[in-house]
Amino acid sequence: MKVCVVGTGYVGLTTGVSLAFLGHEVTCVDLDQEKVDMLRGGRCPIYEPGMEELLAEAAPNLTFTTSYAEGVPGADVVFVAVQTPSAPDGSPDLRYLRSAAESVAQSLDHDFTVVVNKSTVPIGSGNWVDAILRDSFATRADRAQDQDARPCEFSVASNPEFLREGNAIHDTLFPDRIVIGSDNPRALEVLNHLYRPLINQTFTPPTFQPRPDDTTAVPLVSTDLASAELIKYAANAFLALKISYVNEIGQLAGKVGADITEVARGIGLDQRIGSRFLEPGVGWGGSCFGKDTKALIATASEYKYDMPIVQAARDVNQRQREIAVERLQSELRILKGRKIGLLGVAFKPNTDDLRDSPALDIAQLLVARGARVKLHDPIAGDRFRREYPEMAPHLSDTLDGVFDDCDAVVLVTKWAQYLELDWGKFVGLMRTPIVLDGRNVLDQDRMERLGFRYLSMAG
Ligand code: UDX
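Cut-offs used in this document
Residues numbered from 1 in each chain as written. Predicted model: local features only at pLDDT ≥ 70, side-chain atom pairs only at ≥ 80, totals over all residues. Heavy atoms only, no water. Domains from an automatic or database assignment. Contact = heavy atoms within 4.5 Å. Buried area = accessible area lost by both parts, 1.4 Å probe. Salt bridge = Lys/Arg side-chain N within 4 Å of Asp/Glu carboxyl O. Polar contact = N/O pair within 3.5 Å; in protein donor to acceptor, adjacent residues only side chain to side chain. Nonpolar A, V, L, I, M, F, W, Y, C, P; charged D, E, K, R; others polar. Near = heavy atom within 4 Å. Areas by Shrake-Rupley, 256 points an atom, 1.4 Å probe, with all protein chains shown as cover. Helix = DSSP H or I, 4+ residues; strand = E, 2+ residues; numbered from the N terminus. Buried < 20%, exposed > 50% of the residue type's maximum accessible area, 1.4 Å probe, protein only. Arc of directions from axis to C-beta. Axes fitted to C-alpha atoms, helices over the stretch in contact; angles between N-to-C directions. Parallel < 35°, antiparallel > 145°, perpendicular 65-115°, else oblique. Left-handed = near helix turned anticlockwise from the far one by under 90°. Expected span 1.5 Å × (residues − 1). Lys, Arg positive; Asp, Glu negative; His and termini not counted. Pairing = 2+ DSSP bridges. Phe/Tyr/Trp six-rings, centres within 6.5 Å; stacked < 30°, edge-to-face > 60°. Lys NZ or Arg CZ within 6 Å of the ring centre and 35° of its normal.

1. Remarks on the domain arrangement of the chain
Parsing the chain into structural domains produces domain 1 (2-223), domain 2 (233-311) and domain 3 (321-456). The C-alpha-based centres of domain 1 and domain 3 are spaced at 38 Å. Contacts between domain 1 and domain 3 engage six residues on the former and nine residues on the latter. Taken over both partners, the interface formed by domain 1 and domain 3 buries close to 620 Å², and the fraction arising from carbon and sulfur atoms is 46%. Area buried by domain 1 at its contact with domain 3 is led by Tyr10, Tyr47 and Glu165, which between them contribute 81% of it. At the boundary of domain 1 with domain 3, the tally comes to one salt bridge. The salt bridge partner of Glu165 is Arg355, with a shortest N-O separation of 3.5 Å. If you look at where domain 1 meets domain 3, you find three residue pairs in polar contact (both at pLDDT 80 or more). Within the side of domain 1 that touches domain 3, the residues separate by chemical class into three nonpolar, one polar and two charged.

2. Regarding the site of the ligand
In the vicinity of the ligand lie 19 residues, with Phe162, Glu165, Glu279, Phe347 and Lys348 positioned nearest. Within the backbone of Glu165, a nitrogen or oxygen atom sits 2.7 Å from an oxygen atom of the ligand. A distance of 2.8 Å separates an oxygen atom of the ligand from a polar backbone atom of Glu279. With the chains in place, 91% of the 660 Å² that the ligand exposes on its own is no longer accessible. The element that contributes the greatest number of residues to the shell around the ligand is helix α11 (residues 225-256), accounting for three residues. Split by residue class, the shell around the ligand holds nine nonpolar, three polar and seven charged.

3. Structural notes on helix α3 (residues 51-58)
Three or more residues of α3 are buried, namely Met51, Leu54, Leu55 and Ala58. Each buried residue of α3 sits inside an arc of 105 degrees when the element is viewed along its axis, so together they form one side.

4. What to know about the packing of α11 against helix α14 (residues 308-332)
Contact geometry of α11 with α14 gives a least axis separation of 8 Å together with a crossing angle of 50 degrees. As the angle between them shows, α11 and α14 are arranged oblique. Every pair of crossing elements has a handedness; the one defined by α11 and α14 is left-handed. In this structure, α11 contributes Ala237, Ala240, Leu241, Ser244, Asn247, Glu248 and Gln251 to the contact, and α14 contributes Ile309, Val310, Ala313, Val316, Asn317, Arg319, Gln320 and Ile323. A breakdown of the residues in the contact of α11 with α14 according to their chemical character gives eight nonpolar, five polar and two charged.

5. Brief notes about the side chain of Asp93
When you line up the elements, Asp93 lands in the loop between β4 (77-80) and α5 (95-107). When its relative accessible area of 16% is taken as the criterion, Asp93 is described as buried. Side-chain polar atoms of Asp93 contact the side chain of Arg95, separated by 2.5 Å. The residues touching Asp93, leaving out its near neighbours within four places in the chain, are Gln83, Thr84, Pro85, Ser86 and Ala87.

6. Structural notes on helix α13 (residues 289-302)
Each α-helix winds once per 3.6 residues, and so residues spaced three or four apart point in a common direction. Taking 1.5 Å of rise per residue, 14 residues should cover 20 Å, and α13 covers 20 Å from first to last C-alpha, within 8% of that figure. All of the buried residues in α13 are Phe289, Gly290, Asp292, Thr293, Ala295, Leu296, Ile297, Thr299 and Ala300. Contacts from the buried residues of α13 go to α11 and α14. In the segment just after α13, Lys304 is the residue with positive phi, at about 55 degrees.

7. Some remarks on the side chain of Asp437
Tracing the backbone shows Asp437 in strand β12 (residues 434-437). Of the buried charged residues, Asp437 lacks a salt bridge, with Arg439 as the closest side chain of opposite charge at 7.8 Å. Among residues more than four places away in sequence, those in contact with Asp437 are Leu411, Leu442, Tyr454, Leu455 and Met457.

8. Remarks on the packing of α11 against helix α12 (residues 260-268)
At a minimum axis distance of 9 Å, the contact between α11 and α12 shows a crossing angle of 135 degrees. Of the possible angle classes, the one that applies to α11 and α12 is oblique. For the crossing formed where α11 meets α12, the hand is right-handed. Mapping the contact onto sequence places Tyr245, Val246, Ile249, Gly250 and Ala253 in α11 and Ile260, Val263, Ala264 and Ile267 in α12.

9. As for the sheet that holds strand β13 (residues 453-456)
Taking strand neighbours across the sheet as the criterion, the five strands line up as β10-β9-β11-β12-β13 in an open arrangement whose pairing is parallel. Of all the strands in the sheet, just β10 (372-376) and β13 have a single pairing partner and so form its edges. Ignoring which end each strand starts from, the neighbouring axes of this sheet average 20 degrees apart. Relative to β13, β12 is paired through four bridges, and the arrangement is parallel.

10. A look at the packing of aromatic side chains
Summed over all chains, the structure comprises nine aromatic pairs. Ring plane angle 85 degrees and centroid distance 6.0 Å describe the contact between Trp284 and Phe289, whose orientation is recorded as edge-to-face. Just as Trp284 is buried, Phe289 falls in that class too. Positioned above the aromatic ring of Phe162, the side-chain terminus of Arg177 is 3.5 Å from the ring centre. Above the plane of the ring of Phe203 lies Arg211, whose end atom (NZ or CZ) is 4.8 Å from the centre.

Okay, here's the thing in structure tokens:
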């Protein structure tokens, strides 16, 4: 099938490259010429393991352009995957979505095109995009003057994305489910057809991303527009509250002398609960959980409905960041003038994404209390310097620069490099060898044998 993807961020690029890999003819449109040039050269503008390899494998079916007129005409499906950043009041800023929808409408030229909202958009946006498409299409001079213009129908659908950064290719090729939503059965049929190779898992996986043994077929949830839109928010909020729940229990575990790792394992083995997303620590960050839980609460408030559970998940998550600082303060007593090292700036490993990263908040809280902060990240350093120039002096390119004369280090991001670190080499560099395990992943006995004073988040 012929596919156009508007926007080459995490979601758009992964969608476009994966669909091309599956054999569809894909054109990716992005207004950023620099990005398009990079992608044409086979280079990936984001850090995502495997993406450049997949890009190379999918290249014969892939075109990159800045022009809607090159991508939209003739497309069976147009995915809109532009950014929807948070406006100052927390609501998603839909400027880019509006402008993308208007541009798509100017180029539609096929007997039937499904326009898919792939960005995470507020519930009800499907209808809003539909209205923009129709208004914009109706004003097209080329069609108004051409009495014999070919019939051109279109319909809006939602197809939420559940990929995790750092695992984008795996999650796209071997998803737990595919959700499509539209109020037009024909649109659902087109999307069902588009995703057949994934649903039936009939494709040969890329060599670097073998098919997991338990993936034989992928369930399809084919539903109405509003339900598909709500599924995305409800899923992310549930994952966020699962993490906040284990963090809340973790604090109680610390108080009663229980081991949160054992507790999490003990509850996670109940198949009704499941063991994933029960890893305690400094909590969640990233582009989705914070933004989506906020947007869900905002949508509910439009209906004068409170969502205390979702709100609590947010509050507990923020509190974890503060608890990290409290733990250091209660150990060191005085934070003013202390040097604190933070290992990891990215919101999670295998990405250079810094959005809502716990490390940024923790660093700022520490600086506000007069501490001297040194941050390190194996990958995200350059991006950090670009996006947070005012904090750049706090970045150290070397681990020595972090540990040297340091009063405490906090493991904030679970990068493999930190887990495999020869910690014994660094203990002697520190002024006081305190380590706060912000991800609950270090072996306490081993760290203590090496001479560290080990602190967990749970106290
Ligand atoms: C998330 C969802 O998983 C994905 O389905 C959705 O489409 C986008 O949002 P992502 O933000 O890429 O994906 O990261 P994810 O792997 O979910 O981790 C989110 C945050 O939660 C990270 O900061 C991670 O460190 C933290 N986390 C995750 C925990 O603190 N504990 C856990 O048990 C799991």
